[in-house]
Structures are given as C-alpha cells and as structure tokens.
Amino acid sequence: MNTPAVKTLPDAQIVTSVTHWTDTLFSFRVSRPQSLRFRSGEFVMIGLLKDDGRPLLRAYSIASPSWDEELEFYSIKVPDGPLTSRLQKIKEGDEIILRPKPVGTLVLDALLPGKRLWMICTGTGVAPFAALLRDPETYEQYDEVILAHTCRTKDELAYGAALANALPDDPLIGELVGDKLHYYPTTTREPSENEGRISDHIRTGQVFEKLGLPHWNSAEDRVMVCGNMALNKDIMALCEAQGLSEGANSQPAEFVVEKAFVD
C-alpha cells in the first residue's frame with residue numbers, strides 16, 4: 001500500500017502532469033482540493049514559495065471544467081519572471097500553492113440567455129474558455145459556440161487547437177458538442193489562413209462570412225473576452241457599437257470581460 005506524499009507547502013497540491021507546448025507556453029495539471037467548488041471560467045491564486053519562505057502568488061484561470069477531478073492550468077514562460085521562471089520547471093510529483101478561493105467574471109451566470117456564445121481571447125487567455133468548452137452546460141445553453149483565438153504565431157495556437165479539434169469526438173461531451181462548436185484561429189506575426197487581429201476580422205465582417213454566422217445583435221449574441229488590454233478595449237467597443245451591454249455576476253448582460261490579468 002502506497003503512503004500518500006507528505007505535503008510541505010501551505011495549501012499545497014501535487015503536480016500530476018506537465019505538457020510543454022512551445023518554448024514559451026506550457027500547461028500542467030494538479031490535484032484538486034476536496035473542498036474546492038468552482039464555476040467553469042473562474043480563476044484562483046497559485047504559486048510557489050520564494051527563497052525567503054514567503055508565497056509568491058499569481059491569478060491563473062482554471063482551464064479544466066468544474067466536473068474534473070484534477071485542475072489544469074495554462075501558462076506563459078517568462079525567463080526572468082518572478083513566478084513563471086520557476087513555475088515552468090515544475091515536474092510530476094512537485095508541489096504548488098493553490099488558494100482555494102475561486103472568482104471571476106467569465107462564467108455563464110454573468111450572461112443573459114442567448115443563442116450564440118462567442119469566446120474571444122489572445123495567448124493564454126484561452127484558459128478559462130478551455131474550461132467552458134468542456135462544460136456540458138455551455139452546449140445546453142447555446143445553439144452555437146465560437147472560440148476565436150488570436151496568437152502571434154501558429155505554434156502558439158496549438159493548445160487551443162488541440163482542444164477544439166478533440167471536443168466533437170470527446171467520449172463525455174462529444175454528442176453535446178456535435179456541430180455547435182466553431183473554431184476561428186488568427187495570427188498576427190506569421191502568415192496563416194486567418195491573418196490579423198480578431199477585432200479586425202469582426203470589424204470587417206470576415207469572421208461572420210467565413211463561419212456563416214450573422215453579425216452580432218443584442219437579442220441573440222453573447223460575448224466573453226479574455227486578452228490583453230488592447231484586445232479587451234477593441235472588443236468592448238465593438239460589442240457596445242452593436243448594442244451589447246457589459247454584464248457581471250451581480251447583473252447579467254450581453255458581454256463580459258476578465259480584467260484580472262491585465263495591468
């Protein structure tokens with residue numbers, strides 16, 4: 001009989017797997033606290049101890065859905081980053097600190113009922129949508145779900161692409177996903193099928209034409225945004241121009257933006 005590992009960090013969880021997608025991006029899974037309850041799309045504080053013994057924590061979206069027995073996270077690697085310079089070196093069996101107090105605005109509860117759900121993100125902003133895309137409730141509430149992910153290069157799209165391509169055949173929710181899911185990747189620093197910023201593709205109507213979907217209207221379309229400050233402002237302006245209002249947990253509306261990850 002194996003003896004459970006003795007945890008040494010405060011609020012410690014054990015790393016169960018690590019995947020390095022590129023030289024600058026990786027994902028990892030950790031054990032889930034038995035008491036943790038969260039809504040798909042929320043984030044928690046995770047981190048490591050500094051040399052002085054104090055915890056260094058940052059906000060990370062939970063990339064796994066609320067029903068998952070483990071927790072998944074998706075991160076950038078910053079060579080001189082206070083946390084990511086060390087976090088990128090974790091391996092199976094290591095410990096991380098995880099404060100089990102989930103919060104966030106990218107949740108289905110913060111939106112009014114609608115017909116189509118747009119998930120718009122840059123870089124690691126795809127993480128909360130990785131959770132929502134694997135949640136059956138997303139497909140029960142919406143007729144069509146669109147993941148629009150903008151990265152600098154094609155290899156940086158790999159995490160989101162792998163998820164989107166696998167979902168229709170997923171043994172747990174594949175039947176629910178069916179043909180509801182649309183994946184629209186764009187690149188800004190490398191030629192690709194959809195080159196340019198997603199905000200420009202929305203502004204010109206290119207994304208709607210290519211996916212065979214109508215332009216946004218406040219009665220049917222709901223939008224979630226998780227990206228850099230420039231993207232957030234662009235998409236917010238585009239939403240408001242089409243009559244969509246910003247929502248929150250306390251007052252659901254037509255679009256929501258996660259502001260916890262931008263300065």
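The structure displayed is predicted, hence computed values, not measured ones.

1. So, the overall build of the protein chain
(1) Moving on: Within the protein chain, the secondary structure is distributed over 8 helices and 11 strands.
(2) Moving on: Buried residues in the protein chain amount to 51% of all 263 residues.
(3) Moving on: Here the analysis covers contacts within the protein chain between residues at least 6 apart in sequence; of these, 71% occur between residues at least 24 apart.
(4) Moving on: For the protein chain, the accessible area works out to roughly 12,500 Å², and carbon and sulfur atoms hold 49% of it.
(5) Moving on: Positive and negative side-chain charges in the protein chain, numbering 27 and 38 respectively, have mean positions lying 6 Å apart.

2. A look at the sheet that holds strand β11 (residues 255-257)
(1) Moving on: Ordered by their spatial adjacency, 5 strands build an open sheet running β9-β8-β7-β10-β11, and the pairing between neighbours is parallel. At either end of the open sheet lies a strand with only one pairing partner, and these are β9 (181-187) and β11. Ignoring strand direction, the axes of neighbouring strands in this sheet form an average angle of 10 degrees.
(2) Moving on: Of the pairings in the sheet, the one linking strand β7 (residues 116-122) to strand β10 (residues 221-226) comprises 6 bridges and is parallel in character. Looking at β10, one finds that R116 is bridged to D221.

3. Some remarks on the sheet that holds strand β6 (residues 95-103)
(1) Moving on: Judged by pairing direction, the sheet is antiparallel, and its 6 strands sit side by side in the order β4-β3-β6-β1-β2-β5 without closing on themselves. Where the open sheet ends on each side, the last strands, each with one partner, are β4 (55-61) and β5 (70-76). The average angle at which neighbouring strand axes cross in this sheet is 40 degrees, direction not considered.
(2) Moving on: Sheet topology note: the strand β1 (residues 12-20)/strand β2 (residues 25-31) ladder contains 5 bridges and is antiparallel. In the sheet register, V18 faces β2, and the bridge partner there is F28.

4. Focus on the side chain of R222
(1) Moving on: Its location among the elements puts R222 in strand β10.
(2) Moving on: There is a polar contact of 2.9 Å between the side chain of R222 and the backbone oxygen of P113.
(3) Moving on: Here R222 is in contact with L111, L112, P113, G114, R116, L117, W118, Y142, A253 and E254, once residues within four sequence places are set aside.

5. With respect to the environment of P136
(1) Moving on: Counting through the fold element by element, P136 comes out in helix α3 (residues 136-141).
(2) Moving on: Assessed through its relative accessible area of 21%, P136 is described here as partly exposed.
(3) Moving on: Look past the residues within four positions of P136 in its chain and what remains in contact with it is W67, I173 and L176.

6. Brief notes about the environment of L244
(1) Moving on: Tracing the backbone through its elements, the reader meets L244 in the loop between α8 (229-241) and β11.
(2) Moving on: On the basis of relative accessibility, which here comes to 2%, the residue L244 falls in the buried class.
(3) Moving on: In sequence terms L244 and D221 are 23 residues apart; their C-alpha atoms lie 8.3 Å from each other.
(4) Moving on: Not counting residues up to four positions away in its chain, the partners in contact with L244 are N217, S218, D221, V223, C239, E254 and F255.

7. Some words on the nonpolar core
(1) Moving on: Of all hydrophobic cores here, the largest spans 31 residues; its most connected members are M119, F129, L133, Y139, L167, L181 and M224.
(2) Moving on: When contributions to this core are tallied by element, the ones reaching two or more residues are β7, α2 (127-133), β8 (144-151), α4 (158-166) and β10.
(3) Moving on: Dropping the residues within four chain positions of it, L133 is found in contact with M119, Y139, V145, L147, L163, L167, I173 and L181.
(4) Moving on: Counting residues in each nonpolar core, the second largest holds 22 residues, with W118, V207, F208 and L238 among its members.

8. Remarks on the pairing of β4
(1) Moving on: The sheet contact formed by strand β3 (residues 43-49) and β4 spans 7 bridges and is antiparallel. Each bridged residue has a counterpart across the sheet, and for V44 the counterpart in β4 is Y60.
(2) Moving on: A loop of 5 residues connects β3 with β4, the two strands running antiparallel in sequence, and G53 in this loop sits at a positive phi of about 90 degrees.

9. Brief notes about the pairing of β9
Each regular strand shows side chains that alternate between the opposite faces of the sheet.
(1) Moving on: Counting buried positions along β9 yields 6 of 7 residues, so the element is predominantly enclosed.
(2) Moving on: Here β8 pairs with β9 via 7 bridges, running parallel. Its bridge partner being in β9, C151 is matched across the sheet by T187.

Here is what the cut-offs are and how they apply
Residues numbered from 1 in each chain as written. Predicted model: local features only at pLDDT ≥ 70, side-chain atom pairs only at ≥ 80, totals over all residues. Heavy atoms only, no water. Helix = DSSP H or I, 4+ residues; strand = E, 2+ residues; numbered from the N terminus. Buried < 20%, exposed > 50% of the residue type's maximum accessible area, 1.4 Å probe, protein only. Contact = heavy atoms within 4.5 Å. Areas by Shrake-Rupley, 256 points an atom, 1.4 Å probe, with all protein chains shown as cover. Lys, Arg positive; Asp, Glu negative; His and termini not counted. Charge placed at Lys NZ, Arg CZ, Asp CG, Glu CD. Pairing = 2+ DSSP bridges. Axes fitted to C-alpha atoms, helices over the stretch in contact; angles between N-to-C directions. Polar contact = N/O pair within 3.5 Å; in protein donor to acceptor, adjacent residues only side chain to side chain. Core = buried A, V, L, I, M, F, W, Y, C linked by side-chain atoms within 4.5 Å.

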